Amino acid sequence: MFRESVVAVVLLTTALVIVVALLAAAGAGKLARMDGATYPAALTRAATAFAAVITLAASVTAALAALTAVLT
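Please read all numbers here as calculations on a predicted model, not as lab measurements.

1. Comments concerning the overall build of the protein chain
Right, so step 1: Within the protein chain, the secondary structure is distributed over 2 helices and 0 strands.
Right, so step 2: Taken over C-alpha atoms, the radius of gyration comes to 17 Å for the protein chain, far larger than the 11 Å a tight globule of 72 residues would show.
Right, so step 3: C-alpha extents for the protein chain along the principal axes are approximately 50 × 25 × 15 Å.
Right, so step 4: Among the 72 residues that make up the protein chain, the fraction classed as buried is 11%.
Right, so step 5: Here the protein chain has roughly 5,600 Å² of accessible surface; of this, 79% comes from carbon and sulfur atoms.

Here it is in structure tokens:
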């Protein structure tokens with residue numbers, strides 16, 4: 001029973017991170033278009049924002065894993 005709940009938490013957290021990354025990308029793309037950027041440039045900015053959020057989430061996960069390993 002414990003293993004299934006851990007899998008559920010991991011899946012829900014992953015889904016939340018992806019939703020936040022998509023929202024950040026959409027916001028960056030919209031702001032780029034409002035600033036007068038072309039569609040390819042706006043798409044590039046959106047992709048950069050998406051990648052930055054995913055990278056940040058991976059870094060935080062690695063830091064928390066290392067901290068957990070030290071504390072146990």
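2. Some thoughts on the packing of helix α1 (residues 2–34) against helix α2 (residues 39–71)
Right, so step 1: For the pair α1 and α2, the least separation of the axes is 8 Å and the interaxial angle reads 150 degrees. On the basis of their axis angle, the class for α1 and α2 is roughly antiparallel. By crossing handedness, the relation of α1 to α2 is classed as right-handed. Residues Val17, Ile18, Val20, Ala21, Leu22, Ala24, Ala25, Ala28, Gly29, Ala32 and Arg33 of α1 pack against Tyr39, Ala42, Arg45, Ala46, Ala49, Phe50, Val53, Ile54 and Ala57 of α2.
Right, so step 2: Taken together, the residues that form the contact of α1 with α2 break down as 17 nonpolar, 1 polar and 2 charged.

Scoring rules and cut-offs
- Residues numbered from 1 in each chain as written.
- Predicted model: local features only at pLDDT ≥ 70, side-chain atom pairs only at ≥ 80, totals over all residues.
- Heavy atoms only, no water.
- Helix = DSSP H or I, 4+ residues; strand = E, 2+ residues; numbered from the N terminus.
- Rg over C-alpha atoms; globule rule 2.2 N^0.38 Å.
- Buried < 20%, exposed > 50% of the residue type's maximum accessible area, 1.4 Å probe, protein only.
- Areas by Shrake-Rupley, 256 points an atom, 1.4 Å probe, with all protein chains shown as cover.
- Axes fitted to C-alpha atoms, helices over the stretch in contact; angles between N-to-C directions.
- Parallel < 35°, antiparallel > 145°, perpendicular 65-115°, else oblique.
- Left-handed = near helix turned anticlockwise from the far one by under 90°.
- Contact = heavy atoms within 4.5 Å.
- Nonpolar A, V, L, I, M, F, W, Y, C, P; charged D, E, K, R; others polar.

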